[in-house]
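Remarks on the overall topology
Read off the chains here:
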Amino acid sequence: RRYLRGEEARLRDLTRFYEKVLSLHEDSAVAVENPLLAYTLIKRLQSDWKNVVHSLEASENIRALKDGYEKVEQDLPAFEDLEGAARALMRLQDVYMLNVKGLARGVFQRVTGSDVTDLYSPRRFFSLTADDCFQVGKVAYDMGDYYHAIPWLEEAVSLFRGSYGEWKTEDEASLEDALDHLAFACFQAGNVSRALSLSREFLLYSPENKRVARNVLKYERLLAESPHQAAAEAVIQRPNVPHLQTRDAYEELCQTLGTQPVRYQIPSLYCSYETNSSPYLLLQPIRKEVVHLQPSIVLYHDFVSDSEAQKIRELAEPWVSVPEASLCLHMEFRSVSAWLKDTVDPMLVSLDHRIAALTGLDVQPPYAEYLQVVNYGIGGHYEPHFDHATSPTSPLYRMKSGNRIATFMIYVSLALERPGFIIGNRRTTKNAALFWWNLRRNGEGDGDTLHAGCPVLVGDKWVANKWIHEYGQESRRPCTSSPED
Ligand SMILES: O=C(O)CCC(=O)C(=O)O
Ligand SMILES: [Fe+2]
């Protein structure tokens with residue numbers, strides 16, 4: 001703003017000078033007749049113009065702009081952050097089957113066959129520019145991921161075509177860049193005829209580009225050698241990511257967001273007011289919902305109040321919202337966590353009491369970990385995992401209190417509109433807590449407790465984990481030798 005103000009003032013001053021000169025030259029005969037005018041004409045030509053032309057104001061203005069930028073530059077997102085944010089968009093696109101065309105236009109639609117579902121309707125409409133789309137495509141392109149690169153570059157090409165000739169200073173790319181990248185991505189994906197037509201279009205704008213001209217010849221030769229390529233509709237696979245076996249189930253759960261509970265059909269899934277025979281809960285039982293049997297998963301509704309949930313966030317915020325952990329760190333796979341020791345606030349002690357009363361377990365350190373508060377940003381997720389250690393060398397054993405026997409997870413907030421966690425076919429609600437056993441009674445990990453946090457589509461999401469360990473629970477949850485138990 002300061003730069004613009006400076007430049008506007010400079011241009012105003014130049015305009016004033018120019019108009020003054022114009023008006024003095026309106027009647028050129030008078031200029032030489034009046035000695036004052038004659039003097040100022042000579043002065044103008046000798047000195048005024050020189051001062052105007054050699055004025056340093058323009059360069060001083062731009063220098064100040066650059067200096068100001070350089071001062072904050074190291075605090076600005078780095079290229080990795082941009083890559084991370086682009087990958088976060090691509091993850092949302094995959095997991096929620098969002099249509100790229102729609103995303104670029106600002107709508108979050110899942111298109112499956114003839115079904116169109118709106119997953120999120122922003123309060124304020126916002127769409128992407130050609131250059132925005134190009135950058136997402138370029139991140140995928142640079143990783144050799146043509147599956148994602150192609151639809152984003154296609155959007156970029158079509159938007160650049162629509163605004164051809166309107167150069168924007170902030171843009172990194174142009175129609176030519178987008179055509180060039182898209183052509184190569186299509187070639188890599190096996191669609192030679194498409195690569196050819198895009199490269200020809202490129203040459204219309206930059207006929208002197210030798211590299212692309214050579215590519216055109218190469219594509220023409222390839223097509224002449226095997227004409228069937230012309231009709232080949234390339235189907236590229238999504239690049240492999242870890243957890244391939246579980247990925248389909250994970251994504252399907254994230255997409256369907258759970259269906260209605262089926263407890264009507266299964267009487268053993270019931271609701272109750274839970275006191276667990278604890279005097280602590282006698283006057284204020286907690287609403288318990290058994291959501292799954294094997295493994296046993298229990299949901300405690302309104303386990304925390306709104307003000308407790310708010311307090312948990314406030315206590316964790318200084319750790320998760322340090323400047324460098326802002327939006328950049330939160331986007332993509334990132335989640336940021338804080339460990340809250342009981343001494344930090346008396347509310348944490350009362351949460352511990354409530355957890356102990358409900359579960360009947362000892363949650364004093366070292367039998368349980370400090371409360372871990374996790375904040376996920378947009379695209380933030382937690383891939384399918386176990387909470388318990390699956391290897392004897394796991395750092396979890398450093399507490400010398402055994403493995404994580406159970407998880408008590410509190411939903412401090414849900415991502416706006418999109419719940420982030422689904423148990424089987426059921427989704428959780430804010431302020432609720434989930435409890436499940438990670439280990440069987442014989443101490444072995446329960447392979448059926450594999451779980452995940454779906455990518456956050458909108459806003460951010462907070463959860464708090466209390467991990468309870470094996471030691472200290474010997475008489476509270478006695479072991480058996482039966483592997484079924
Ligand atoms: O955030 C979620 O929904 C799941 C978190 C989780 O599983 C964990 O923190 O271990
Ligand atoms: Fe977990």
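These numbers come from a predicted model, not from an experiment. (Residues numbered from 1 in each chain as written. Chains lettered and ligands numbered in written order. Predicted model: local features only at pLDDT ≥ 70, side-chain atom pairs only at ≥ 80, totals over all residues. Heavy atoms only, no water.)

A few words now on the state of the cysteines. Under the defined criterion, the tally for this structure stands at one disulfide. Put simply, Cys-254 and Cys-454 are joined by a disulfide, and their sulfur atoms are 2.1 Å apart. The sign of the -90° torsion about the S-S bond sets the Cys-254-Cys-454 disulfide as left-handed. Of this pair, Cys-254 sits in helix H12 (residues 244-256) while Cys-454 sits in the loop between strand S13 (451-453) and strand S14 (461-469), placing them 200 residues apart in sequence. Of the residues examined, Cys-454 reaches a relative accessible area of 5% and is grouped as buried. (Disulfide = S-S within 2.5 Å. Helix = DSSP H or I, 4+ residues; strand = E, 2+ residues; numbered from the N terminus. Buried < 20%, exposed > 50% of the residue type's maximum accessible area, 1.4 Å probe, protein only.)

This next bit is on the coordination of the iron ion (ligand 2). Around the iron ion (ligand 2), the protein contributes the donor atoms His-385 (NE2), Asp-387 (OD) and His-451 (NE2), which lie 2.0 to 2.1 Å from the metal centre. Between consecutive donors of the iron ion (ligand 2), the numbers of intervening residues give the motif H-x1-D-x63-H. You can see His-385 sitting in strand S8 (residues 382-385) and its partner His-451 sitting in strand S13, a full 66 residues away along the chain. Here the two residues His-385 and His-451 agree in accessibility, since each one is buried. (Donors = N, O, S within 2.8 Å, 3.2 Å for Na, K, Ca; no water.)

Side chains Val-336, Ala-338 and Leu-340 of strand S6 (residues 335-340) all project onto a buried face; the interleaved residues Ser-335, Ser-337 and Trp-339 project onto a face where none is buried. Relative to strand S7 (residues 371-376), S6 runs antiparallel, the two sharing six bridges. The partner of Leu-340 across the bridge, within S7, is Leu-371. (Pairing = 2+ DSSP bridges.)

Our focus in this paragraph is helix H11 (residues 210-225). With 16 residues, H11 should reach 22 Å at 1.5 Å per residue; the first-to-last C-alpha distance of 23 Å fits that figure. Listed as buried for H11 are Val-212, Asn-215, Val-216, Tyr-219 and Leu-223. Each buried residue of H11 sits inside an arc of 105° when the element is viewed along its axis, so together they form one side. Residues of H11 that are exposed and point over 90 degrees away from its buried face: Lys-210, Arg-214, Leu-217, Ala-224 and Glu-225. Its buried side turned inward, H11 meets helix H9 (175-188) and helix H10 (192-205). Among the residues of H11, the N-terminal cap falls to Asn-209, whose side-chain oxygen and the backbone nitrogen of Arg-211 are separated by 3.1 Å. (Expected span 1.5 Å × (residues − 1). Arc of directions from axis to C-beta. Contact = heavy atoms within 4.5 Å. Polar contact = N/O pair within 3.5 Å; in protein donor to acceptor, adjacent residues only side chain to side chain.)

Let's shift gears to the sheet that holds S6. One open sheet holds the eight strands; their spatial order is S3-S4-S5-S12-S9-S14-S7-S6, and the pairing between them is antiparallel. Whereas interior strands pair on both sides, the edge strands pair on one side only; in this sheet they are strand S3 (271-274) and S6. For this sheet, the mean angle separating the axes of adjacent strands, direction not counted, is 25°. In terms of strand pairing, S3 meets strand S4 (residues 286-292) through four bridges, oriented antiparallel. Bridging across to S4, Tyr-273 finds its partner in Arg-287. (Axes fitted to C-alpha atoms, helices over the stretch in contact; angles between N-to-C directions.)

Take the side chain of Glu-274 next. Assignment of secondary structure puts Glu-274 in strand S3. At 2.9 Å, the side chain of Glu-274 forms a polar contact with the backbone nitrogen of Asn-276. Apart from residues lying up to four places away in sequence, Glu-274 is in contact with Leu-281, Pro-285, Ile-286, Lys-288, Tyr-300 and Leu-358.

One water molecule sets the probe size; rolling that probe over the atoms shows where empty space is left. Using the criterion set out here, one finds three cavities of 30 Å³ or more in the structure. Considered as a void within the structure, the largest cavity measures approximately 50 Å³ in volume. If you trace the largest cavity, you find it lined by Leu-179, Asp-180, Ala-183, Phe-184, Leu-198, Ser-199, Phe-202, Val-212, Asn-215 and Tyr-219. Elements with a contribution of two residues or more to the lining of the largest cavity: H9, H10 and H11. Here the element with the most residues in the lining of the largest cavity is H9; it accounts for four residues. (1 Å grid on protein atoms, 1.4 Å probe; cavity = no way out; pocket = protein on both sides within 12 Å on 5 of 7 lines; lining within 4 Å. Points joined across faces, edges and corners; volume = space filled by probe spheres on them.)

This part is about the packing of aromatic side chains. Taken as a whole and assessed by the stated rule, the structure comprises twelve aromatic pairs. Centre to centre, the rings of Tyr-300 and Phe-408 are 6.0 Å apart; their planes meet at 20°, and the pair counts as stacked. Here Phe-408 lies in strand S9 (residues 404-413) and Tyr-300 lies in strand S5 (residues 297-301), a separation of 108 residues in the sequence. For Tyr-300, a relative accessible area of 4% puts it in the buried group. (Phe/Tyr/Trp six-rings, centres within 6.5 Å; stacked < 30°, edge-to-face > 60°.)

Further remarks concern the nonpolar core. Within the largest apolar cluster, 52 residues are counted, with the highest numbers of intra-cluster contacts made by Tyr-96, Leu-98, Phe-160 and Leu-457. No other element matches helix H8 (residues 146-162), which puts eight residues into this core. Excluding its chain neighbours within four sequence positions, the residues that come into contact with Phe-160 are Ala-130, Asp-131, Phe-134, Asp-171, Ala-173, Ser-174, Leu-175 and Ala-178. Core analysis: the second largest hydrophobic core is formed by 37 residues, Leu-281, Val-320, Val-336 and Ala-357 among them. (Core = buried A, V, L, I, M, F, W, Y, C linked by side-chain atoms within 4.5 Å.)

Turning our attention to a nonpolar patch on the surface. The grouping of Leu-45, Trp-49 and Val-53 at the surface amounts to a nonpolar patch, some 320 Å² of accessible area in total. Structurally, Val-53 is set in helix H3 (residues 35-53). For Val-53, a relative accessible area of 59% translates into the label exposed. (Patch = residues over 30% accessible without salt bridge, like charges linked within 9 Å, V, L, I, M, F, W, Y side chains within 5 Å. Areas by Shrake-Rupley, 256 points an atom, 1.4 Å probe, with all protein chains shown as cover. Salt bridge = Lys/Arg side-chain N within 4 Å of Asp/Glu carboxyl O.)

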